[in-house]
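Observations on the model geometry
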Amino acid sequence: LERRDQMLRTRAECNLAVVSEIEVQEHCTLEGHLAKLAQLRDEGYLLCEFIKLAIDGVVRSKKVLASLMDAAFLCAREVRRCDKVLIEVNPRHVRFYESMLGFKVLRRDRMNHRVNAPAVLMSLDLAFADQQVQGAHEGGGTTADSKRSLYRHGFSPEERSGLVNRLRRTYS
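Note that the structure is a prediction, hence the values are computed from the model and not measured.

**Brief notes about the packing of aromatic side chains**
If you walk through the whole model with that rule in mind, you get four aromatic pairs. Measuring from ring centre to ring centre gives 5.9 Å for Phe50 and Phe73, while their planes differ by 20 degrees; the resulting arrangement is stacked. Residue Phe50 is found in strand 4 (residues 47-55), and its partner Phe73 is found in helix 2 (residues 62-79); the two are separated by 23 residues along the sequence. Each member of the pair, Phe50 as well as Phe73, is classed as buried. Aromatic rings pair up to connect Phe50, Phe73 and Tyr151 into one cluster. Here the guanidinium or amino end of Lys84 rests over the ring plane of Tyr45, the centre of that ring lying 4.6 Å away.

**Focus on the pairing of strand 7 (residues 117-125)**
Most of strand 7 sits inside the fold, with seven of its nine residues counted as buried. Note: strand 5 (residues 84-89) against strand 7, six bridges, orientation antiparallel. Of the residues in strand 7, the one forming a bridge with Val85 is Leu124. Summarising the sheet, strand 6 (residues 104-112) and strand 7 pair through six bridges and their orientation is antiparallel.

**What about the packing of helix 2 against helix 5 (residues 157-171)?**
A pair of packed helices is characterised by two quantities: the angle between their axes and the separation of those axes. The contact between helix 2 and helix 5 brings their axes to 10 Å, and the two run at 55 degrees. As judged from the angle between their axes, helix 2 and helix 5 are oblique. As helix 2 runs across helix 5, the sense of the crossing is right-handed. Between helix 2 and helix 5, the contacting residues are Asp70, Ala71, Leu74, Cys75, Glu78 and Val79 on the first element and Arg160, Leu163, Val164, Leu167, Arg168 and Tyr171 on the second. When the residues that make up the contact of helix 2 with helix 5 are grouped by side-chain class, the tally is eight nonpolar, no polar and four charged.

**With respect to the pattern of salt bridges**
The final tally for this structure, using the stated rule, is seven salt bridges. Arg77 serves as the salt-bridge partner of Glu78, at 3.9 Å between the closest nitrogen and oxygen. Between Asp130 and Arg160 there is a salt bridge, with its nearest N and O atoms 3.0 Å apart. In this pair, Asp130 sits in helix 4 (residues 126-138) while Arg160 sits in helix 5, placing the two residues 30 residues apart along the sequence.

**Focus on helix 4**
For helix 4, which comprises 13 residues, the first-to-last C-alpha distance of 18 Å matches the rise-based estimate of 18 Å (1.5 Å per residue) to within 8%. When helix 4 is considered as a whole, its buried residues turn out to be Leu126, Ala129, Asp130, Gln132, Val133 and Gly135. Where helix 4 is buried, its residues touch helix 2, strand 5, strand 7 and helix 5.

**Description of the packing of helix 2 against helix 4**
Taken N-terminus to C-terminus, the directions of helix 2 and helix 4 make an angle of 130 degrees; their axes are 10 Å apart at the nearest point. Here helix 2 is positioned oblique relative to helix 4, judged by the angle of their axes. In the packing of helix 2 onto helix 4, the handedness of the crossing is left-handed. Between helix 2 and helix 4, the residues in contact are Asp70, Phe73, Ala76, Arg77 and Glu78 and Leu126, Ala127, Ala129, Asp130 and Val133, respectively. Of the residues in the contact of helix 2 with helix 4, the class split is six nonpolar, no polar and four charged.

**Focus: the nonpolar core**
One finds Phe50, Phe73, Val85, Ile87, Leu101, Phe103 and Met122 to be the most contacted residues of the largest nonpolar core, which totals 25 residues. For this core, the secondary-structure elements that each account for two or more residues are strand 4, helix 2, strand 5, helix 3 (94-101), strand 7 and helix 4. Ranked by the residues each element gives to this core, the list is headed by helix 2, at six residues. Of all hydrophobic cores here, the second largest spans nine residues; its members include Leu74, Val164, Leu167 and Tyr171.

Conventions we followed
- By convention here, each chain's residues receive numbers from 1 onward along its written sequence.
- With the structure being a predicted model, the display of local features is reserved for residues of pLDDT at least 70 and the display and counting of side-chain atom pairs for 80 or more, all residues being used for whole-chain, interface and lining totals.
- The basis for every side-chain value is the complete set of non-hydrogen atoms in the structure, without hydrogens or water.
- Each aromatic pair joins two rings of Phe, Tyr and Trp (for Trp, the six-membered one) with centres within 6.5 Å, and gets the label stacked for planes under 30 degrees apart, edge-to-face for over 60, and tilted for any other angle.
- Put simply, DSSP marks the helices as runs of H or I at least four residues long and the strands as runs of E at least two long, and each gets a number from the N terminus on.
- Partly exposed describes any residue whose relative accessible area lies between the buried limit of under 20% and the exposed limit of over 50%, with all areas from a 1.4 Å probe on protein chains only and scaled to the type maximum.
- Here, a charge over a ring means that NZ of Lys or CZ of Arg falls within 6 Å of the ring centre while also lying within 35 degrees of the ring normal.
- A pair of strands is labelled paired if DSSP reports no fewer than 2 bridges between them.
- Interaxial angles span 0 to 180 degrees and are taken between N-to-C directions of axes, which are lines fitted to C-alpha atoms, for helices over the stretch in contact.
- By definition in this entry, angles of less than 35 degrees are roughly parallel, angles greater than 145 are roughly antiparallel, angles of 65 to 115 are roughly perpendicular, and the rest are oblique.
- Here a crossing is called left-handed whenever its near helix is offset anticlockwise from the far helix by less than a right angle, and right-handed whenever the offset is clockwise.
- By the convention used here, residues are in contact when the closest approach between their heavy atoms is within 4.5 Å.
- When residue character is reported, Ala, Val, Leu, Ile, Met, Phe, Trp, Tyr, Cys and Pro are called nonpolar, Asp, Glu, Lys and Arg charged, and the others, Gly included, polar.
- Criterion for a salt bridge: a side-chain nitrogen of Lys or Arg within 4 Å of a carboxyl oxygen of Asp or Glu.
- Here the expected span of a helix is defined as 1.5 Å times the quantity of residues minus one.
- Residues enter a nonpolar core if they are buried and are Ala, Val, Leu, Ile, Met, Phe, Trp, Tyr or Cys, with the set joined through side-chain atoms within 4.5 Å.

Following this line, the structure appears as structure tokens:
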């Protein structure tokens, strides 16, 4: 984990090569979604955006991906005190985020001019993510029960507790 101003970067490394990376950005400014962001904030949600979701195509480890996402969720919820994570993904990746992590579609069919590609805005309630992690390790939870869910591959409750303590000491 690395801190840069209002951003936390989570990286998973394998054999000295970065295989995946997520940046947790506290101040969401998702181009083309300002009205939706304002609506969510008016409803009382504290938002953060995951940017630079990048995974090396050679590495296909659910454990690496689950650990990366779990660490990013903990950064967002426990350090930044956010309620919801927002991501913008290519439409072909929507089913992955829905089935593997429980993200919900907020808005479809928008062109992201920054990358010249179609984009879908998705959100994840971080309290839901916590419940799924707990359920995966206790035998409960809805998404966590799915064979495809990443939650069952994430950190154990004890590992999460230790990570949260380290994050709080480092970033508080």
